[in-house]
Each structure stands twice: as C-alpha cells, then as structure tokens.
Amino acid sequence: MTPLVLLLVALAQQPQDVTRWERQAQNVTIIRDDWGIAHVYGKTDADAVFGMEYAQAEDDFNRIETNYLNSLGRLAEADGEAVMFQDLRQKLFVDPDSLRAQYAKSPVWLRHLMDAFADGLNYFLYKHPDVKPRVITHFEPWMALSFTEGSIGGDIERINVRDLAALYGDSAAAGPKTQDGDFDTDPSGSNGIAIAPRLAANHHALLWINPHTSFYFRSELQMVSDEGLNAYGAVTWGQFFIYQGFNATAGWMHTSSGVDNIDEFLENQPQGSHKITVPYKTGSGVARKTFTVYYTQHGPVIRKEGNRLVSISLMWQPVNALIQSYSRTKARDLAAFRKVMDLHTNSSNNTIFADAAGNVAYLHSNYIPRRDTSFDWTQPVDGSNPATAYKGVLSFDETPNVVNPASGWVYNSNNWPWSAAGEGSSPKRENYPRYVETGTEESARGYHALRVLAGKTNWTMNTLRDAAFDSYLPAFERMIPPLLSAYDQAASDSFKTKLAEPIAALRGWDYRWGAESVPTSLAVYWGGFIGRRLVRDARAAGISVIQYVATSRARPADLLGSLADAVDTLTANFGTWKTPWGAINRFQRINDDIAPHFDDAQPSIPAAFTAGGWGSLAAFGARPYPNTKKWYGTSGNSFVAVVEFGDSVRARAVTAGGESGSTRSPHFNDQAERYVSGNLRDVYFYRSQLVGHTEREYHPGR
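Remember, it's a predicted structure, so these values are computed and weren't measured experimentally.

### Things to note about the overall build of the chain
When helices and strands are tallied, the chain shows 20 helices and 26 strands. Whereas a compact globule of 702 residues would reach a radius of gyration of roughly 27 Å, the chain reaches 26 Å, a difference of no more than 12%. Counting only C-alpha atoms and orienting by the principal axes, one finds that the chain spans roughly 85 × 70 × 55 Å. Within the span of the chain, comprising 702 residues, buried residues form 59% of the whole. For the chain, the share of sequence-separated contacts (at least 6 apart) that also reach a separation of at least 24 residues comes to 69%.

Have a look at this one:
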C-alpha cells in the first residue's frame, strides 16, 4: 500500500471512531430472514442508515465501492487509463471541496444520515480486515452527495465520453465508437402499474414494482426506526434510501423518463476555466493527468460542433436531490409525496405511486426547466441568445401527471405519458410543451400494458402478477405479417424451399413467448438480424425498426434474408433451427463479477421471457458471449414486487439470483428458480412475520 493509503487505514481505526461505531451498533438490530434479506431496526433514522450500510457491505462491498468509484470520478484509480475520460466527465460536476462545503451547510438531520452512512461502511471495513477495497479505504460523509439518485446511469452519463476526450485529450483513449448500425433489443427501463381500490377485488390499492436494470444492481432490504421510518424495497448499492419500494401506507416505483431536460448550448467562447486532475492506475503505481476544462454560464464545455464550443446544462443540486430521495420513503400518502416533489430534483424518472387512502398516480419527471418553445431543445441552441435562458421550472400542474384517473389505473413502461391511464384518462400531448417528452410513438411494452390493463376489474395481487408476466409479444404481431407477405409474394426460388417450414412455424404462432416455443427462437433471432439491417434506415425515417417493418417499408429481400440468417445461425449453433427458446435463453449466476462470466458447460436454467424491446413486460435482456452459444441474461427484471395497501400492507417479491454476492452464501442464487418463473415469495414487512423465518439476529459487528 502507498503511504497515503496506510494513513487512511490508520485514520479509519482511530480509537475514538471505533468507540463511536460500537456504541451506535448497539442501537441497531439486523434480522436476516430465510432469504438472507436484512431487516434493519434502529432507534433513530441515523441508526437505521448505519445498520443498512453495514448490512449492504456484508452482502456485496465490491458493488458499493464500484458505485462510488463511478460517482466520485475515481474509477481509473482501479481500472486504469482506459476510463480516465469517464472520470473526467464525472469530475466536471463532482468536486470534493464543493461537496464538503455543501455537506457542512446541509440540514442537521441530513448530516446525521450522511455521518451514519460513512460510519456504517467504515465500521464494516474495520470489522472485516480480509475485505480489501480497490481504492476507497475510508468513506467520508460528503461522499453521499455524489450519488443521490438511484437510477442506473445518472444524468451526467448523457455526456458522450468520446466527444469529451476529443475536446480535452485523445479520442482514442475513450474506447470504441458506437456504431450507427448498433441495434438494441433491450432498451433500458422499467414497468410500474397502480390499480385503484374500486377495480380491486379486496378494494385496496395495488402497486406493481418492476425496475429493469442490470442484474444485482440493487440489494433488497428493510429500514425501520423509532422516528417513523419503515420502508422496504430495492436499494442501489451504497445509497441510504429505498429507491423502489413501499412503507406501511404508500409505495413508489420509478421508470426512466423521456423528458427533455438536459440541454446543450452553442457558445462563442468559454467564460472561465479550472484544472482537474485525474489519477489513474498504471503498472508501476498511480499516475496523474491534469486537464484545463472550460465553463460557461450554462455549465461545463463538453465538446465542439464545427467551430463552436458546446456546453451542457443538467440538474445538479445534490443536497436537495438527496433530501428528496430520502424523504419520499417516509411519505405516508400522496399529499406528503407531492410536498416532497416541490424540491424539483427528481430529474430522470417518472414515478408510479399508490397509497392506502386509495390514491394512484403517474408522476412525470419533476425537474423540467421552463423554456421558449420556439427552439428545438433536442438540438444545441444558441447560448448567446437571451431567449434561450431558463425561466424557472414547470410546476406540478404544468407537468403531464395523472392523479386518480377515471380509468382507475396508471402505468408506465418508459414510454410516453400520453397513454399513462388509457384512452380518455391520459394527458393530451397538445396541452404541454414539446420538451416535456421526447417519445414519438407508442412502445411495444406500452401496447402490451394497454392490452392487459384496459377494461379489467377484480384485480388481486395474483392477477396483477399474471398480467405483468403475460407472454404476449406485440412487436412480432406487427412485424411478422409483412414477413409472411414477402414470402407469399416471392418468386419460386431457393428461399421458398429453405424457408417453407420456418414460415409455417411463424404463421401458426400465437405471438407468445414460452420455454418450449420454437417460433419464439425464430422470431427473436430474425428480429435481431432485421433490426441490424434496417436500424439506419429506420433512424433516418425518425421511427423505430418495429414501426419501419410493420408499415411495410422494409424490402422483401431484407425480410427474407434476415430469416434465412436466423435459420442458418440457429442451425450452426444448436444443430437445428427447431430449438426451443428455453434451450437458448438462460439464467446463470456463477460469479459476482461486475462484468459477469458465462459458461455453456456450467449449470443454467431456462428463462422463457424475452427482451423488453419486443414488448415483453417481464424483460430478460440476454445475448451470446464470445465463448458461448447459449444466451445469458444480464438485465431486465431485477427486483420485482407486488404490493397491496389495506389495513396492513401485504407484499410479495423476488430478486434476480439472490441477495448475497458471495458464491459461498446459500443466498447467492437461491431465488433463481423463482425469478425465471415469476413465483414471488412473501415479504416479511412486520417484525411479527419474521417469527419462524429468521436465519440470524445480531448487532453490526457481532
């Protein structure tokens, strides 16, 4: 270790710190249930934060540290020069001195939580000397302000690293360029559904929580204190608030928003500069590179366009953002949740909400700068034009929210808000500025959600779960008829003979996924090939590949050629194109690497659902790897829960794989079978429910 690291380790073990940690640990009880999930009880909210950070570190310290290496712009200290410009991007906003100052000015109650956050992690490292951090050997309270929003990929990640590197350094160091022909069949996102009591069999509001992220991106736990905190759900590793979850009387889940609230400005010249030093790991130690970066009134300069500089403006209010993220977990009803929204710092998310009073709501991103609508804000605007100045933010009433609609339900699947409550109950696009939403067409998952929700009554936890795992694939119901037509109209040639059986299989398909379904395999492979062929043309037309094919714009040769490619690839990889989907699409967890390894020779289990891009509400983003023929999932359904708000709250949930990141733990992969089948387990929300379901009970450090 370097002298600096040794000094930090020593500081982390000062007797006064250890005494304080051990005293606070006595105020905390952690109960691990029979799934290994931590239920953390503290006298104060700060005690609960201390305990939950300790418990998270027990489960997967590596993921906690990795998240903070990312958020602090210190990843290159672990991974080397290849990610140096990724760190520079983060450091354009994340300045330790600034965050220390903001920490010092934060409300006392929030400082106590940030102190507890750092203390819980440092106490874990003190009690576990066998755990070797890659970089961060001592956590400081202000670090919590670098990571205040629980989504996968924050607003800062919208800045293109290659463009940043080209401006401030060597673009070759920024990694491979994204190809225009790349076709993503698994767009990121989530599903949320809320059902009003009048449509429910038990006359209780229901909430479906289904974030689509990379697997193992969050832990599942409960936080309880004598100060009124009692929240359960998914927590992004290292954060101290329940990001997707519920308390005794209210629940919330977030989906990625299509709002346009990150703007670029064309600048004539910078208005200031300062130096940023990025340390990075080398073969002989740590080197450093210093950059002179430029700023304007709008924000940091991130690239050039022609001869002009481009700056970026995005929401960066770490104290208020952390307050909003934490405070909403204690909101008991919609009125309290709306009051928290007055901070206007939930920038990248839509929210689906339900409470025990019977309220259901779709809440659009609540950081939307008010702007002149004569400009196209999806493109860089002239920063020297006074008309491009922001004029505050849109209020709640100026935003396309839906509260207690006549339809009795709300949903979002990362699609636009114009169908959030069905026909007649959703916001009207013409009533809002263009920049509130960038979507241009209904998504495949949006079509699917409307199909399973519209006109339905007598909802229960089970029927809501069934709807969310409905196997219909609306993308293929729209795309395959043009393929069949192309085949029927083709002249007699080799395609007619070669594709006769595959076409017959698709012609008789009901457009539903299934582990035993051969047409699902054919369709997914064909969809990938046709997508890669047509993605440039579809983008040029301003529509999705699905819409491009469904509206008969694709050439018959491309449609049939892609099916031939699918047949050939399936045959080459599996011996026959008649391979059931479940034999290809697999769930496997054999290690806890951030970039997982897969092996066809190792055990795996079939996953019947597909990537969300085809319209599957239950999403499983999978692909083959250089050493595999089978496809292995890494994203999609992660934490999944259904919640009923009655006189008491009831919930069922499942987490991808299991709670622990240790391959030695029985909870590393104990939920895998439940995950792929959607067999949700009971959630133990009340302490009395843990009786008979307790694996161990302890204070942190014991």
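### Comments concerning the sheet that holds strand β14 (residues 349-355)
Spatial ordering of the open sheet is given by β17-β15-β14-β8-β7-β6-β5-β2-β1-β26, a layout of ten strands whose pairing is mixed. In the strand order of this sheet, the two ends are held by β17 (402-403) and β26 (694-698), each with one partner. Strand direction decides the pairing type here: strand β8 (residues 250-256) and β14, joined by seven bridges, are antiparallel. Counted as the bridge partner of H254 is T351 from β14. With respect to the sheet, helix α10 (residues 334-341) is in contact with β8, β14, β15 (360-363) and β17, its orientation differing from that of β14 by roughly 155°.

### Observations regarding the nonpolar core
Grouped together as the largest cluster of nonpolar side chains are 93 residues, with contacts concentrated most on L88, F117, F139 and F240. Ranked by residues supplied to this core, first place goes to helix α3 (residues 45-71) with twelve residues. Setting aside residues no more than four positions away along its own chain, F117 makes contact with V49, E53, Y68, F139, E140, P141, M143, A144, G238 and F240. Formed by 82 residues, the second largest nonpolar core is a distinct cluster that contains L206, A523, L560 and W581.

### Description of the pairing of strand β5 (residues 218-225)
Along β5, eight of the eight residues are buried, which leaves the element largely enclosed by surrounding structure. Two elements, strand β2 (residues 38-42) and β5, share five bridges in a ladder whose sense is parallel. Each residue of the ladder has a partner; that of V40, found in β5, is M223. Here seven bridges tie β5 to strand β6 (residues 230-236), and the two strands are oriented antiparallel to one another. Bridge pairing links L221 to G233 in β6.

Rules and cut-offs
- Residues numbered from 1 in each chain as written.
- Predicted model: local features only at pLDDT ≥ 70, side-chain atom pairs only at ≥ 80, totals over all residues.
- Heavy atoms only, no water.
- Helix = DSSP H or I, 4+ residues; strand = E, 2+ residues; numbered from the N terminus.
- Rg over C-alpha atoms; globule rule 2.2 N^0.38 Å.
- Buried < 20%, exposed > 50% of the residue type's maximum accessible area, 1.4 Å probe, protein only.
- Contact = heavy atoms within 4.5 Å.
- Pairing = 2+ DSSP bridges.
- Axes fitted to C-alpha atoms, helices over the stretch in contact; angles between N-to-C directions.
- Core = buried A, V, L, I, M, F, W, Y, C linked by side-chain atoms within 4.5 Å.

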